[in-house]
Amino acid sequence: DAGVTQSPTHLIKTRGQQVTLRCSPKSGHDTVSWYQQALGQGPQFIFQYYEEEERQRGNFPDRFSGHQFPNYSSELNVNALLLGDSALYLCASSLGGYREQYFGPGTRLTVT
Amino acid sequence: DAKTTQPNSMESNEEEPVHLPCNHSTISGTDYIHWYRQLPSQGPEYVIHGLTSNVNNRMASLAIAEDRKSSTLILHRATLRDAAVYYCILRGGGATNKLIFGTGTLLAVQP
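These numbers were taken from a predicted model, which means no experiment stands behind them.

About the criteria used
Residues numbered from 1 in each chain as written. Chains lettered and ligands numbered in written order. Predicted model: local features only at pLDDT ≥ 70, side-chain atom pairs only at ≥ 80, totals over all residues. Heavy atoms only, no water. Disulfide = S-S within 2.5 Å. Helix = DSSP H or I, 4+ residues; strand = E, 2+ residues; numbered from the N terminus. Buried < 20%, exposed > 50% of the residue type's maximum accessible area, 1.4 Å probe, protein only. pLDDT = per-residue confidence, 0-100. Pairing = 2+ DSSP bridges. Phe/Tyr/Trp six-rings, centres within 6.5 Å; stacked < 30°, edge-to-face > 60°.

### Comments concerning the state of the cysteines
No. 1: Applying the stated rule across the entire model yields two disulfides over all chains.
No. 2: Shown here is the disulfide that connects Cys23 of chain A with Cys91 of chain A, its sulfur atoms set 1.8 Å apart. On the sign convention where negative is left-handed, the bridge of Cys23 of chain A and Cys91 of chain A, at about -55 degrees about the S-S bond, is left-handed. A residue pair is termed long-range when its members are at least 10 positions apart, and Cys23 of chain A in strand 3 (residues 19-24) and Cys91 of chain A in strand 9 (residues 87-94) qualify at 68 residues.
No. 3: The class for Cys23 of chain A is buried, based on a relative accessible area of 2%.
No. 4: For Cys22 of chain B, the disulfide goes to Cys88 of chain B, at an S-S distance of 2.1 Å. Between Cys22 of chain B and Cys88 of chain B, the S-S torsion sits near -85 degrees, and that sign places the bridge as left-handed. Placement of the pair is Cys22 of chain B in strand 2 (residues 18-23) and Cys88 of chain B in strand 8 (residues 84-91), with a sequence separation of 66 residues.
No. 5: Since its relative accessible area comes to 1%, Cys22 of chain B is described here as buried.
No. 6: Since its relative accessible area comes to 0%, Cys88 of chain B is described here as buried.

What follows is the structure in structure tokens.
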């Protein structure tokens, strides 16, 4: 049973560019959440998708957007990249809204 | 969102028990206490959660104070693989699934 997978593993982008990160949830899970983790900090909640809709959002600007597909996989898009967007981006999946979350290994984004 | 307070770091010796404390004095009646850990270069991993009663699973035990204003994660026999950042998180009992992470406790395990 495959766990949560994310792609790519690492990514280097230039300021102002756009990036798309991808996540496949654990088999049987229908809810996907995205987190941003800066170096030395705990993960910060970006948003959560359920039934292809954004159900909840953290304190992140509109440059951060997402999508969930009918197979429950998800994408995180970040536009107009800033140096401060450099971080580890984590995807977590769960079954429904109340269960424990399973995290992927993350995508390391570096903005230069 | 209710906040938690944890020590920045702790040390333990291999094969000894470890008690990781967490204070959450503003916890509400419907908040669940969750613990996750993050091993180096990995995403966080669910450890255990509870509401009022103490809980045990294959990974750890969770001891919750009677007034619920504090809790303790207990690793019964620490191994080198348990070296990680441990996060104590409060999650509302309503239709909210987001996890609010603090900075956690960095646990070092000495051989």
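### A word on the confidence of the model for chain B
No. 1: Averaged over all residues, the pLDDT of chain B is 92; the fraction at 70 or higher stands at 94%.
No. 2: Within chain B, strand 8 of chain B has the poorest average pLDDT of any element, 94, and strand 6 (residues 61-64) of chain B the best, 98.

### Considering the sheet that holds strand 2 of chain B
Residues and elements named next belong to chain B.
No. 1: Strand order across the open sheet formed by four strands is 2-7-6-5, with antiparallel pairing between neighbours. Taken across any chain shown, the strands that pair with only one partner, and hence form the sheet edges, are strand 2 and strand 5 (55-56).
No. 2: With two bridges joining them, strand 5 and strand 6 adopt antiparallel strand pairing. Counted as the bridge partner of Asn56 is Ser61 from strand 6.

### Some remarks on the packing of aromatic side chains
Where two aromatic rings form a pair, the distance of their centres and the angle of their planes describe that pair.
No. 1: Enumeration according to the criterion identifies ten aromatic pairs over all chains in this entry.
No. 2: Consider the rings of Phe103 of chain A and Tyr36 of chain B, whose centres lie 6.0 Å apart with planes at 85 degrees: the pair is edge-to-face. Of this pair, Phe103 of chain A sits in strand 10 (residues 102-103) while Tyr36 of chain B sits in strand 3 (residues 32-38), placing the two residues on different chains. Exposure class is identical for Phe103 of chain A and Tyr36 of chain B. Each is buried.
No. 3: Taken together, a centroid distance of 6.2 Å and an interplanar angle of 65 degrees make the contact between Tyr36 of chain B and Phe101 of chain B edge-to-face. Of the two residues, Tyr36 of chain B is situated in strand 3 and Phe101 of chain B in the loop between strand 8 and strand 9 (105-110); the sequence distance between them amounts to 65 residues.

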